Amino acid sequence: MNQELKEMKSQYTPEQLAACAGAREVRDGEVVIVGVGLSNLTGAIAKLVHAPNAILVTEAGYIDFKGIATMVSPDDPYGGTLCTCHTSLTQVFSDQQRGFMDVGYVSFVQIDKYGNVNTTALFGSGDYNKPELRLQGSGGGGDISSSANRCVYINVMRDTGQFVNKLDFMTFPGFLDGHDSRQNANLSGGGPSAVITDRGVFRFEEESKEMYLSEVFPWDEDNVEEIKGMVEWNLKVTEDLQVIDPPRPKEMEAIRLLDPGETWTIPNLMERPTSKILLFGGLLEGKRTFEMYDKIGELYESSWRIMLNKRLPI
Amino acid sequence: MNQELKEMKSQYTPEQLAACAGAREVRDGEVVIVGVGLSNLTGAIAKLVHAPNAILVTEAGYIDFKGIATMVSPDDPYGGTLCTCHTSLTQVFSDQQRGFMDVGYVSFVQIDKYGNVNTTALFGSGDYNKPELRLQGSGGGGDISSSANRCVYINVMRDTGQFVNKLDFMTFPGFLDGHDSRQNANLSGGGPSAVITDRGVFRFEEESKEMYLSEVFPWDEDNVEEIKGMVEWNLKVTEDLQVIDPPRPKEMEAIRLLDPGETWTIPNLMERPTSKILLFGGLLEGKRTFEMYDKIGELYESSWRIMLNKRLPI
Amino acid sequence: MAEKDFKTRLDKLMTEKEAVATFLHDGDSFTLGGALASRRCFSVAREMIRQKKRDLTFVDTAAGVETTMMVAGGCISKLRLGYFLMRTAGVKIDDTILRAMRDGVPNPLEVEDFTQYQLAMGFMAASMDIPYMVTKSGLGADYLKYNKTIKMANDPFENKPIIMVPAISPDVGFFCVQRADRRGNAQVFGDIWADDVKSRACKHVVIITEELVSTEVIQKYPANTLIPSYCVDAVVEVPFNCHPMSCYGCYGGYFADYTSFIQFVLAFGTYEGALRWLDEWVYGTEDQFEYCEKVGWRNLMRLVKMERSINRLPE
Amino acid sequence: MAEKDFKTRLDKLMTEKEAVATFLHDGDSFTLGGALASRRCFSVAREMIRQKKRDLTFVDTAAGVETTMMVAGGCISKLRLGYFLMRTAGVKIDDTILRAMRDGVPNPLEVEDFTQYQLAMGFMAASMDIPYMVTKSGLGADYLKYNKTIKMANDPFENKPIIMVPAISPDVGFFCVQRADRRGNAQVFGDIWADDVKSRACKHVVIITEELVSTEVIQKYPANTLIPSYCVDAVVEVPFNCHPMSCYGCYGGYFADYTSFIQFVLAFGTYEGALRWLDEWVYGTEDQFEYCEKVGWRNLMRLVKMERSINRLPE
């Protein structure tokens, strides 16, 4: 990879790459059900940058919320702000099963070649009841993957154990065994349309419904073999490999506003601005002062202020 | 019937007798689902006179409304006034099937000896599709009779064709074929507890679930045979016949406030105060003046004013 | 346009004439929001009659005076209802439905009886795109004898009798609401009836709003947004669209407008009277605005005063 | 008292200690209102731990940090959930549940996985007292392999695969709300999660309100009365009962109180750390008022300021 590309890549964290690439899956005016963290940030970027009329929804019951900050969970108070409709999970998921959700964003731990996903447990040498690693389970993903018209998976790509031949537990139904097995299972949603990672975007063949590498970032154009190496099965690659535009200035400005504490784009807890405020404030010695609360409040409130007063999009 | 009793009876219309007797079925604090007209007036009298903590409910979605006037339908605006909860029919009837409605008031056209009711059609020489007389159908009654813990039927008693051996159509399930046939049918509610009329109150035997005459007004103590004559089957009469207290002053004052236009206690449309205002105002000659609207408005508003400002009960 | 296309537009405002012409076709099944005396789409019912719609199936938990009007106007060939308003305020008002059923005047009429909750469950199944819902409402009664829709079976968990109501999805639903924005976010204040499930059950949804407002106004009371814009195909703004019935917080109906009520009752005593009434009040008025002119704006304002003396919308 | 008696009382106010002691018994199944970061009954979770409740089954659409706390506190023997919070804000926070599942520390733990909508349908069936609900959520996935509750069958109308979820009726449910009156009319502002169906599914319902208000205050926004008094057994008024999480319109949580969040995450990295945390923050505080004292009322007021700068309750 030449120096200039390496230089360019180093400006972004893997999460920022995935978030920006993921945001572009949303078309203006679409109904977008989002989850937490990356999946939430992605929807918020889309609304701020290129899809101002997108209707953002979370399973907690917020329909058409403004997206003034990345939500730490579907019921984060940011979701309630200037939100058109407050309702229930029962109503949101009923509307989803009815077919009103155009696209849904979900994360994944293990994924197989037909877009089925495991976020329940890694058995390792154990089993379902005594797994090596217990994971979050369905969350909204079980329902989004079942019923959203398009399901977009988004996560940072791992070297191993992520794109696997066989899942320990199928939490999200993708195209099941390929071809029309999903349809025969009577699932209402259209199934996965894309798998967005910091190393590339994967899509599914029309007929066989098997995953293939569709787009890569400029600095990965020569790393297809390396990417294939991170996938257990013999990954198909499209002849017509497209290049993903690196994060655009507006997208990066959106991330800066949406994630003031850089919670979602800096993996290590201790290196985040919010954590630094507390650690230098003496939390590790058990100190809990009003000033800590005040500082963190200011850090977040400043970005809300901009969002609330600014006529969107930026 | 001696002169004094005849004198007493003449003070009340049949509807007023039924309404007052019916209101006494409500115990304070109970959840009471009511319909229109008589069944609505009865619940409102109870709340105003002896059950101030009763929770009045209608199928339109009003839970714990104040009852400032008799409602012409379950969704009459009076139901919304100072009402604790505005919700949907879907929620109210789900709560009823769950068992939260203590007592429900419903009217009836035909009733048989096990408390099954027809309010759908009188076939006469025709049939279901071409009946002699088409009636309102289930309304809320089909659901109240199915699921309220106690169902109270209320109506003025007719000489013939009302207490019948065989219904043309069973709209409200009572005790079906008697004994435990209702339970076996898996109906959730407790079934009918009383049939309230201006000629007496009927209840149902513990074991056989067959209807019997339980209470009569003072002037009807010697008219049991006449009442039996209005019932097609050989009506059972309790040895221990009770006397229904005639309408009490507070109950009559409640009726006066709740039904200013005497819509529910004067059967003939043309003799009601509201109709008289219009007919003398020239409606029959097609005149439609603002003054007519104003007069009727005043007639109703004066009684609301009293109810809204007066700390209930009277 | 496919079902989806109308729903994705950002500005869905159109006239009532256009909405009825676009979304209601002869032979369609339809439902109306609210019921009986509250948020009932009388202006749409009048418009259907004006456009001489035919052979419609009307499916609803409860049908009132507007159904009498539509049956007399010759629009309806089938009623699938939980309630037929035959008497109101103790007065027998309706031979219209019986006349159509028995004598086929103005046209033959088929009826199918449900309990109201059975119908709500049919709408709920359609609103979730599941094949059926189960209920215990109406067990043991005679609905199954004549109703070709509902089934009875023993449930697989407790092996007890249960009624199964298949999904009921009307081609179009017209919903009167107090406030809506151009994109179709529709707010309801007061009783909801079964609009929570109906609004999702229908293939097309037309919002008839008393007042067109900006989205900022909607955002003040988000819990009242019953119907989000993604369910909505069109938005129509016409005043007093529920007259002669009421709209919570906006204007009183029925008793408040006893004048219209008595006039209607007297007219619909006979078929000829009904037709005269239709000529005067429906065919005789070009649209809802002319209708309001005929009732009298000052009279209508009196109904506003009556309602707002007991119920007011939060501002 | 039978299920009915508590619900018929006119004044249901009691202390949190009394409510947990009265309605939650060892071996019971229970659920909590809200979820994850909104209207979540942390004060009740702390009280359960103080009262050393054992062998409880917790059933809910989503479980968060409060479940980590209850599992570490030894209260829970079974989790029937649609979501287990294992990572938050990108940080792995939970070995507690894995430790209990694998090593039986502090006690063996059984889990049962559902999708969130499957659970909502189980609550919905119980809320209507029908044996089951059907859904298409989770078809083809592995839930049926390990889940002993849900079934799969072909539906009788379209003969296609469908998932049947039997009624799920927890012995008791604790619901945090912004406003409630003494009789139990409970109002929710903001997201409702599955409290609409949960509040009817439970045999007993305890309302934990931020603010006890008169019924007149409730009547101002009747559309927000999610849980009417006839569903409610008891009312408890304790401030900041969702801390360290948030309550819409009242106070911010999580990021707003990053201090508590980081302290919790660091402590629960190890079992010993978790026990120390419980000693300090749960056993070490007599009740919710002492807990607030320990967090610091001035700090809590900062969280109020943060929330009210973006969301305010209508007055």
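Residues numbered from 1 in each chain as written. Chains lettered and ligands numbered in written order. Predicted model: local features only at pLDDT ≥ 70, side-chain atom pairs only at ≥ 80, totals over all residues. Heavy atoms only, no water.

Caption draft 1: Up close: the overall build of chain C. Helices and strands together make up the secondary structure of chain C, namely 13 helices and 14 strands. For chain C, the C-alpha radius of gyration of 19 Å lies close to 20 Å, the compact-globule estimate for 315 residues. Taking the principal axes of its C-alpha atoms as reference, chain C extends roughly 60 × 50 × 40 Å. For chain C, the exposed surface amounts to about 8,800 Å²; the carbon and sulfur share of it is 53%. Looking at charge distribution, chain C has the averaged site of its 37 positive side-chain charges lying 3 Å from that of its 41 negative ones. (Helix = DSSP H or I, 4+ residues; strand = E, 2+ residues; numbered from the N terminus. Rg over C-alpha atoms; globule rule 2.2 N^0.38 Å. Areas by Shrake-Rupley, 256 points an atom, 1.4 Å probe, with all protein chains shown as cover. Lys, Arg positive; Asp, Glu negative; His and termini not counted. Charge placed at Lys NZ, Arg CZ, Asp CG, Glu CD.)

Caption draft 2: Structural detail: the nonpolar core. Residues Phe174 of chain C together with Met48 and Phe174 of chain D are the most contacted members of the largest nonpolar core, which totals 450 residues. Leave out the neighbours within four places in its chain, and phenylalanine 174 of chain C touches Val20, Leu24, Thr31, Leu32, Gly33, Cys41, Val44, Met48, Val206 and Ile208 of chain C. (Core = buried A, V, L, I, M, F, W, Y, C linked by side-chain atoms within 4.5 Å. Buried < 20%, exposed > 50% of the residue type's maximum accessible area, 1.4 Å probe, protein only. Contact = heavy atoms within 4.5 Å.)

Caption draft 3: Spatial organisation of the sheet that holds strand β4 (residues 85-86) of chain B. All names here are of chain B. Read from one edge of the open sheet, 10 strands run β4-β3-β2-β1-β5-β10-β11-β12-β13-β14, paired in mixed fashion. Looking at the sheet topology across the chains shown, the edges are occupied by β4 and β14 (236-243). Direction of pairing for strand β3 (residues 62-63) relative to β4: antiparallel, over a ladder of 2 bridges. In the strand pairing of β4, isoleucine 63 is matched with cysteine 85. The sheet strands contacting helix α2 (residues 14-23) are β5 (103-106), β10 (150-154) and β11 (192-197), and the helix crosses β11 at an angle near 150°. (Pairing = 2+ DSSP bridges. Axes fitted to C-alpha atoms, helices over the stretch in contact; angles between N-to-C directions.)

Caption draft 4: Region of the structure containing the environment of aspartate 95 of chain D. Residues and elements named next belong to chain D. For aspartate 95, the position within the fold is in the loop between β5 (91-92) and α5 (96-103). Relative accessible area serves as the criterion here: at 27%, aspartate 95 is assigned to the partly exposed category. As for aspartate 95 and threonine 270, which are separated by 175 residues in sequence, their C-alpha atoms are 7.7 Å apart.

Caption draft 5: Main features of the packing of aromatic side chains. All names here are of chain A. Evaluated as defined, the whole model comprises 53 aromatic pairs over all chains. Plain terms: the ring middles of phenylalanine 163 and tryptophan 233 are 6.4 Å apart, the flat faces sit at 45° to each other, and that makes the pair tilted. With phenylalanine 163 in the loop between β10 (150-154) and α6 (181-184) and tryptophan 233 in the loop between α7 (224-229) and β14 (236-243), the pair connects residues that are 70 residues apart, well separated along the chain. Here phenylalanine 163 falls in the buried class, since its relative accessible area comes to 1%. (Phe/Tyr/Trp six-rings, centres within 6.5 Å; stacked < 30°, edge-to-face > 60°.)

Caption draft 6: Region of interest: helix α10 (residues 258-267) of chain C. With 9 of 10 residues buried, α10 of chain C is to be regarded as a mostly interior element. Within α10 of chain C, burial applies to Tyr258, Thr259, Ser260, Phe261, Ile262, Gln263, Phe264, Val265 and Ala267 of chain C. Tucked inside the fold, the buried residues of α10 of chain C contact α10 (273-281) and α11 (290-309) of chain B together with α4 (65-72), β4 (87-88), β5 (91-92) and α11 (271-283) of chain C.

Caption draft 7: Here's a closer look at the interface of chain D and chain C. At the interface, 25 residues of chain D touch 25 residues of chain C. Looking only at chain D, the three residues that lose the most surface to chain C are Pro131, Tyr132 and Phe157 of chain D, adding up to 31% of its buried area. Taken together, chain D and chain C are joined by 2 salt bridges. With a shortest N-O distance of 3.1 Å, lysine 136 of chain C and aspartate 129 of chain D are connected by a salt bridge. (Buried area = accessible area lost by both parts, 1.4 Å probe. Salt bridge = Lys/Arg side-chain N within 4 Å of Asp/Glu carboxyl O.)

Caption draft 8: Up close: the sheet that holds strand β9 (residues 161-166) of chain D. Residue and element names in this part refer to chain D. Pairing in this open sheet of 3 strands is antiparallel, and the strands run β7-β9-β8 from one edge to the other. The two strands at the open ends of the sheet, each matched to only one other strand, are β7 (132-135) and β8 (151-154). Across this sheet, the average inter-strand angle for adjacent strands is 35°, counted without regard to direction. The pairing of β7 with β9 spans 4 bridges and is classified as antiparallel. From the neighbouring strand, threonine 135 faces β9, where its bridge partner is isoleucine 163. In the packing of helix α6 (residues 116-127) onto the sheet, contacts are made with β7 and β9, and the angle to β7 comes to roughly 150°.

Caption draft 9: Seen up close, the environment of isoleucine 33 of chain B. Residue and element names in this part refer to chain B. As for its placement among the helices and strands, isoleucine 33 is situated in strand β1 (residues 31-33). With 25 residues separating them along the chain, isoleucine 33 and threonine 58 place their C-alpha atoms 5.5 Å apart. Excluding anything up to four places from it in sequence, isoleucine 33 contacts Val57, Val92, Phe93, Gln96, Met101, Val103, Gly104, Tyr105 and Ile144.

Caption draft 10: The arrangement of the packing of helix α3 (residues 42-50) of chain D against helix α4 (residues 65-72) of chain D in detail. Residue and element names in this part refer to chain D. Look at α3 against α4: their axes get within 9 Å of each other, and the N-to-C directions meet at 5°. Judged on the interaxial angle alone, α4 and α3 are roughly parallel. For the pair α3 and α4, contact is made by Phe42, Ala45, Arg46, Met48 and Ile49 and by Val65, Glu66, Met69 and Met70, respectively. Split by residue class, the contact of α3 with α4 holds 7 nonpolar, no polar and 2 charged. (Parallel < 35°, antiparallel > 145°, perpendicular 65-115°, else oblique. Nonpolar A, V, L, I, M, F, W, Y, C, P; charged D, E, K, R; others polar.)

Caption draft 11: Summary view of the interface of chain C and chain B. With 73 residues of chain C in contact, the opposing surface of chain B contributes 74 residues. Both faces combined, the contact of chain C with chain B buries some 6,400 Å², and carbon together with sulfur accounts for 60% of it. Linking chain C with chain B are 4 salt bridges, by the criterion used here. Residue glutamate 301 of chain B pairs with arginine 302 of chain C through a salt bridge whose shortest N-O separation is 2.9 Å. Put simply, chain C and chain B have 38 residue pairs in polar contact (both at pLDDT 80 or more) between them. Contributing elements (two or more residues each) for the side of chain C that touches chain B: α5 (96-103), β6 (110-113), α6 (116-127), α7 (143-146), α8 (195-201), α10, α12 (288-295) and α13 (297-308) of chain C. Along the lines of polarity and charge, the residues of the side of chain C that touches chain B split into 39 nonpolar, 20 polar and 14 charged. (Polar contact = N/O pair within 3.5 Å; in protein donor to acceptor, adjacent residues only side chain to side chain.)

Caption draft 12: Layout of the side chain of serine 229 of chain C. Looking at the element boundaries, serine 229 of chain C is found in the loop between β13 (225-227) and β14 (234-237). When residues no more than four places from it in sequence are discounted, the contact partners of serine 229 of chain C are Ile55 of chain A together with Lys7, Lys12, Arg183, Gly184 and Asn185 of chain C.

Caption draft 13: Inspection of the relation of the copies chain D and chain C at higher detail. Superposing chain D onto chain C takes a rotation of 180° combined with a translation of 0.0 Å along the rotation axis, leaving an RMSD of 0.0 Å. Both copies are brought into coincidence by an operation consistent with a two-fold rotation axis. Most of the interface of chain D is mirrored in chain C: 100% of its interface residues are interface residues there too. (Least-squares fit on C-alpha atoms with pLDDT ≥ 70 in both.)

Caption draft 14: Geometry of the confidence of the model for chain C. Residues of chain C with pLDDT of at least 70 account for 99%, and the chain-wide mean is 95. Predicted as a complex, the structure gets a pTM of 0.97 and an ipTM equal to 0.97. (pLDDT = per-residue confidence, 0-100.)

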